[in-house]
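A look at the structure
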Amino acid sequence: SLASLSVSMGIQLLFVYVQYIKIGWMRVFREWFPVLIGFKPAVDAYRVATGEKQEAGQSLDAAAEMTYMKGIEMFAEAI
């Protein structure tokens with residue numbers, strides 16, 4: 001439903017903001033784009049598969065970020 005999609009995207013955008021704000025606004029905007037077009041799960045899976053390292057300023061590594069995003073999606077779908 002539209003409500004679950006809106007809740008999912010809103011919480012994901014907030015999570016991405018908290019995760020990347022210490023790196024800068026340009027990075028936040030670059031990370032928001034996949035969330036807005038619904039491509040964030042694929043981006044996260046690629047980062048985990050390639051073993052991307054945690055950058056200075058990030059609060060979580062790629063695997064933890066993917067786990068939290070999946071949890072957010074499952075929570076929103078349960079609404």
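Notes on the structure follow.

Definitions and limits used
Residues numbered from 1 in each chain as written. Predicted model: local features only at pLDDT ≥ 70, side-chain atom pairs only at ≥ 80, totals over all residues. Heavy atoms only, no water. Helix = DSSP H or I, 4+ residues; strand = E, 2+ residues; numbered from the N terminus. Rg over C-alpha atoms; globule rule 2.2 N^0.38 Å. Buried < 20%, exposed > 50% of the residue type's maximum accessible area, 1.4 Å probe, protein only. Contact = heavy atoms within 4.5 Å. Areas by Shrake-Rupley, 256 points an atom, 1.4 Å probe, with all protein chains shown as cover.

Quick look at the overall build of the protein
Secondary structure summary: the protein contains 4 helices and 0 strands in total. Ordered by position from N to C terminus, the α and β elements of the protein give α-α-α-α. The C-alpha radius of gyration computed for the protein amounts to 12 Å, which stays within 12% of the reference 12 Å derived for 79 residues, consistent with globular compactness. Here the C-alpha coordinates of the protein stretch approximately 35 × 25 × 20 Å along the principal axes. For the protein, buried positions account for 30% of its 79 residues. Pairs at least 24 residues apart make up 56% of the contacts formed inside the protein by residues separated by at least 6 positions. Within the structure as shown, the protein displays about 5000 Å² of accessible surface, and the carbon and sulfur contribution to it stands at 69%.

With respect to the environment of Trp25
Positionally, Trp25 belongs in helix H2 (residues 25–37). With sequence-adjacent residues up to four places away left out, Trp25 is seen in contact with Tyr17 and Trp32.

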